[in-house]
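# Inside the fold
Here are the chains, one letter per residue:
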Amino acid sequence: MESSILVTGGAGYIGSHAVRALLRAGKRVVVLDNLCRGHRPAVPQGATLLDLDLIETDAIAAALREHNVDRVLHFAALTYVGESVEDPLRYYWNNTAGAVSLLQAMKQAGVSRLVFSSTAATYGDAVASPIVEVAEQNPINPYGRSKLFVEQILADVAKSDPDFSYVALRYFNVAGCASDGSIGEDHKPETHLVPIALQVALGQREAMTIFGEDYPTPDGTCIRDYVHVEDLIDAHLLALDRLDTPGGAVFNVGIGRGYSVQEVLDAVRRVTGHSLPAKVGARRAGDPAELWASGDKLRSELGWSPRYDSLDAIVETAWRWFQAHPTGYAE
């Protein structure tokens, strides 16, 4: 039987774009998603969807064997920082213990290749931008810690098993939608800046709130990293090939510059033609002035090159999706 790639969280925003790219590359794809936050319609035709939870170790191992899986893309995770502070046990159970369960299942089934969707939240706040991979990791919330624990577990597994290889990809803000408008972003609640701004443009929200405009940046608003979802998936596909090299590797995914909140809102205004009213609120605790990653290592070692280096181009793909699907996958 031809081998398959397992995509955990493949019904989610980023995971569904990975499934789409893999199918277009002629791969057999199996999606594992408990659909607690994913969307069944987001899974492209041609992929096999398994409604399983990460904790179901034996069932996952059986599925890995049944579908002849030889590599895993692990996206499945809870990702709301505020929620992780309010309910840390849920995050450690799903993100950390869930990853251990997945690794146990992989071991049972003889699968030893994994790409892990990590996060730049593992760096915490006290880091100078652009952030490089060797920067100190000091996460400030349970979400970031739950992901850092998994990175450390992967490193330990790789040391103990010479056949095991992994790549961990750290990134900040993912934005945009499929260039053809076929799949997109649908979070409930929505916490990402670009979708929130587009919801204002659609009349679904009254105004934007800018949390602080007195930061030591050119326009006074925070600067953050943004990468188009399809560029992020390109990095994951390159990481899949990197798995043929034993051991582990870590890469940041970033286009090499950050954008301020005001720059993002201006891009949305240009793309949508909407005035996008915005009010200024107080700074949020723990928000640093600048936080963005260097992608130099990813470029030099894996040959990654982002196709979307313009904020307007990223927003345009998202606007296309939101106009056609104002209620997301609910339609």
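Structure: see above.
So, a few notes on the structure that sits alongside this text. Please read all numbers here as calculations on a predicted model, not as lab measurements.

### Thoughts on the overall build of the protein chain
In terms of regular secondary structure, the protein chain is built from 10 helices and 13 strands. Against the 2.2 N^0.38 benchmark of 20 Å for 331 residues, the protein chain shows a C-alpha radius of gyration of 19 Å, consistent with a compact globule. Reported as C-alpha extents along the three principal axes, the dimensions of the protein chain are approximately 55 × 45 × 40 Å. Taking all 331 residues of the protein chain together, the buried fraction comes to 55%. Sequence separation of 24 or more characterises 76% of the internal contacts of the protein chain that already satisfy a separation of 6 or more. Carbon and sulfur atoms make up 50% of the accessible area of the protein chain, which totals about 13,900 Å². Within the protein chain, one finds 29 positive and 42 negative side-chain charges whose respective centroids are separated by 1 Å.

### Things to note about the environment of Ala99
Structurally, Ala99 is set in helix α4 (residues 88–109). A relative accessible area of 4% places Ala99 in the buried class. Along the backbone, Ala99 and Val150 are 51 residues apart, and their C-alpha atoms lie at a distance of 6.8 Å. Once residues within four sequence positions are removed from consideration, Ala99 is found in contact with His74, Asn94 and Val150.

### Observations concerning the sheet that holds strand β4 (residues 69–74)
Each strand in a sheet pairs with another by means of backbone hydrogen bonds, the pair being arranged parallel or else antiparallel. Judged by pairing direction, the sheet is parallel, and its 7 strands sit side by side in the order β3-β2-β1-β4-β5-β6-β10 without closing on themselves. Pairing within the sheet leaves two strands with one partner each, and these edge strands are β3 (48–50) and β10 (247–252). On average, each strand axis in the sheet is tilted by 20 degrees relative to the strand beside it, whichever way the strands run.

### Things to note about the packing of helix α2 (residues 57–66) against α4
At a closest axis distance of 8 Å, the pairing of α2 and α4 adopts a crossing angle of 45 degrees. Comparing their axes, α4 and α2 come out oblique. The handedness of the crossing between α2 and α4 comes out as right-handed. Contact with α2, carried on its side by Thr57, Asp58, Ile60, Ala61, Leu64 and Arg65, involves Ser101, Leu102, Gln104, Ala105, Met106, Gln108 and Ala109 of α4 and no other residues of that element. Of the residues in the contact of α2 with α4, the class split is 7 nonpolar, 4 polar and 2 charged.

### A closer look at the nonpolar core
Note that soluble globular proteins tend to have their nonpolar side chains buried in a common cluster. Ile14, Leu169 and Val253 are the most contacted members of the largest nonpolar core, which has 69 residues in total. The residues touching Val253, leaving out its near neighbours within four places in the chain, are Leu169, Arg170, Tyr171, Asp225, Val227, Leu232, Ala235, Leu298 and Trp304. Membership of the second largest hydrophobic core comes to 28 residues, among which are Leu50, Ala63, Leu102 and Ala105.

Calculation criteria
- Residues numbered from 1 in each chain as written.
- Predicted model: local features only at pLDDT ≥ 70, side-chain atom pairs only at ≥ 80, totals over all residues.
- Heavy atoms only, no water.
- Helix = DSSP H or I, 4+ residues; strand = E, 2+ residues; numbered from the N terminus.
- Rg over C-alpha atoms; globule rule 2.2 N^0.38 Å.
- Buried < 20%, exposed > 50% of the residue type's maximum accessible area, 1.4 Å probe, protein only.
- Contact = heavy atoms within 4.5 Å.
- Areas by Shrake-Rupley, 256 points an atom, 1.4 Å probe, with all protein chains shown as cover.
- Lys, Arg positive; Asp, Glu negative; His and termini not counted.
- Charge placed at Lys NZ, Arg CZ, Asp CG, Glu CD.
- Pairing = 2+ DSSP bridges.
- Axes fitted to C-alpha atoms, helices over the stretch in contact; angles between N-to-C directions.
- Parallel < 35°, antiparallel > 145°, perpendicular 65-115°, else oblique.
- Left-handed = near helix turned anticlockwise from the far one by under 90°.
- Nonpolar A, V, L, I, M, F, W, Y, C, P; charged D, E, K, R; others polar.
- Core = buried A, V, L, I, M, F, W, Y, C linked by side-chain atoms within 4.5 Å.

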